Amino acid sequence: MLKTLLPQTIMAALAMTMFYTSVHADSDVTAETLTATSSFPSEWASDANAQVVALPSIAAITESNTFSITAYGASEDADDNASYIQSAIDAANSAGGGMVVVPAGTWLSGPLTMKSKVVFHICAGATLKLLPFGTYPSENEYQDYRGSYKNLNFIKASSAVNDVIIEGEGETSVIDGQGAPWWAAHESNKFDRPSLIRLQKGTRHLFRNFKMVNSPGTNLTLGQSGNAKHFTVHDVTISAPSSSASNPSHNTDGIPVWGPYVNIYNCNISTGDDNVVFDSNSQYGHVWNCTFGDGHGASMGSYTSNVHDLLWEDITFKGTGAGFRLKSNYDRSGNVYNITMQNCTMTGVQDPIYITMWYDTHPTPGDATCQADTITPYTMEFHDIKFKNITSIGTAYNTSVKHYFPVFILGRPNSKVHDVTFDNVQISAAKGMFLAYCEGITFKNSCNIKNSQSTATRVQSTSYDYSFVGNIDGTANADYDGEDEEEEEIDDSGVTGTFFSMTDFTSERISVGAGADLDLASYATITGGS
């Protein structure tokens, strides 16, 4: 027996030595720290509440504090490796900090609880798979705000954990949620599904260099109710079928954020819901140099209490359902401000810029469904929003009354969306803009919002009260205070026809800077068009 074991022990030690010399797995966060400092938005520098995103602090990784899951009994033949992987996580935590290694191979597992001071390393060629639907534990973890019980999340931390790194070695380091049966079951009988990763509480969490596929629910959820902060996500790929696929993966948001101080960069995300979404308690979030495919875009909401100071930049959108998407409703919001999107390109995006205070509904401005409501602490105020250097082409025509517009802004009668600036924004779509219950909308630096539909096939819209000042098409100046209460076509003060298809009901000013070319002419009617 000794003769048999000795070579195996030597081989295991040799394999671990080779691991150290060939794998870039460590607790080192020097590169991320430099990036956090250099990418800190200059506009936040004078804000005393803003913070540079902090990175995990974990002891240097050596052979003595590295724990392979196979040393604790994990096997590719096992029906469930959760207890073995959990033992490795616990050992790394007990050592005062260390690394758990998931070697190449396919490893089935049930839910895992992350601990502080742990590097969870998924090697190249390793796939960590969620147990299949029907065998995944059905124990309830906690109740949500509706009283519905949630399934146990896959990699979770319901109590506070600090200084965690979950990492891989690139596209072949995979977490696979085996989501298809979950999605199908959810379509016929709604229930809550697990996230692949959700660390609800704690601080300094880093996720880097791995791929997530086919999550049953959301993919990488950062925080909960503002109880976690300081997140960094980079070089992570997230993939799930779109919400319009034959087996759609509804509500598989890529990266939902529920806390402050966030950097997300160099990620490629295609999902069945929001690609990245900032929800309540999200502040000082910065997303850049990402590619968004299928999904609902760069989103905020629908829970938007205590959301402010968010920067989206250098993002490429390809066939995405939305570009910029800010949405909420009267029972779940508050003061939302200092939101910027800049230097982004969009191709074939359904809703390039979309802002609504009527999430999950669409009233007709001015009628009984769209009246002033009671002001509460949850009443929405969306303001100080800026779009700069945005280019979008290829938005198709559709008769929808709430989608496929180049710019869609729908506020509320007693809480208008205000102080929105368009700076060098170039959008071509087969409709004109839809603007309602908003004020202080500014276009400058040669904006071009173009209705690409031929004049002969455009559908005339109803126009309402508005005021307008500035340069209409680069050739003529106008200063017009429209009072079109009887919903007739505007033909006054040198302005001919219903060129300004807008429903804002405010008589507040829309300003257009010199050189702007806004083709605001007729688009699909508010009631649907043809």
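That block above? That's the structure.
Residues numbered from 1 in each chain as written. Predicted model: local features only at pLDDT ≥ 70, side-chain atom pairs only at ≥ 80, totals over all residues. Heavy atoms only, no water.

**As for the packing of aromatic side chains**
- Per the counting criterion, the structure on display carries 18 aromatic pairs.
- With a centroid separation of 5.5 Å and an interplanar angle of 85°, the aromatic rings of F292 and F317 are classed as edge-to-face. Here F292 is found in strand β20 (residues 283–292), whereas its partner F317 is found in strand β22 (residues 308–318), with 25 residues between them in sequence. Of the two residues, F292 and F317, both sit in the buried class.
- The rings of F40, W44, Y261 and Y284 are connected pair by pair, giving a single aromatic cluster.
- The aromatic ring of W358 is capped on one face by R412, whose charged end is 3.6 Å from the ring centroid. (Phe/Tyr/Trp six-rings, centres within 6.5 Å; stacked < 30°, edge-to-face > 60°. Helix = DSSP H or I, 4+ residues; strand = E, 2+ residues; numbered from the N terminus. Buried < 20%, exposed > 50% of the residue type's maximum accessible area, 1.4 Å probe, protein only. Lys NZ or Arg CZ within 6 Å of the ring centre and 35° of its normal.)

**Some thoughts on the environment of I175**
- Relative to the elements of secondary structure, I175 occurs in strand β11 (residues 174–176).
- For I175 and L128, which are 47 residues apart along the polypeptide, the C-alpha to C-alpha distance reads 4.9 Å.

**Overview of the pattern of salt bridges**
- This structure, assessed with the given rule, holds 10 salt bridges.
- As a salt-bridge pair, D163 and K117 come within 3.3 Å of each other at their nearest N and O atoms. Placement of the pair is D163 in strand β10 (residues 161–167) and K117 in the loop between β4 (112–113) and β5 (118–122), with a sequence separation of 46 residues.
- The partner of K211 in a salt bridge is E171, with the nearest N and O atoms 3.7 Å apart. Of this pair, K211 sits in strand β13 (residues 202–213) while E171 is found in the loop between β10 and β11, placing the two residues 40 residues apart along the sequence.
- Residue K211 is classed as partly exposed on the basis of its relative accessible area of 23%.
- Here E171 falls in the partly exposed class, since its relative accessible area comes to 46%. (Salt bridge = Lys/Arg side-chain N within 4 Å of Asp/Glu carboxyl O.)

**Points about empty space enclosed by the protein**
- Enumeration over the complete set of coordinates arrives at three cavities of 30 Å³ or more.
- When its volume is computed, the largest cavity comes out at roughly 50 Å³.
- Lining the largest cavity, in full, are A36, S39, F40, P41, W44, Q51, V52, V53, V262, N263, Y284 and H286.
- Within the residue set of the lining of the largest cavity, elements represented by two or more residues are β17 (262–265) and β20.
- Residues of the lining of the largest cavity, tallied by class, amount to eight nonpolar, four polar and no charged. (1 Å grid on protein atoms, 1.4 Å probe; cavity = no way out; pocket = protein on both sides within 12 Å on 5 of 7 lines; lining within 4 Å. Points joined across faces, edges and corners; volume = space filled by probe spheres on them. Nonpolar A, V, L, I, M, F, W, Y, C, P; charged D, E, K, R; others polar.)

These values are about where atoms sit, not about what they do.
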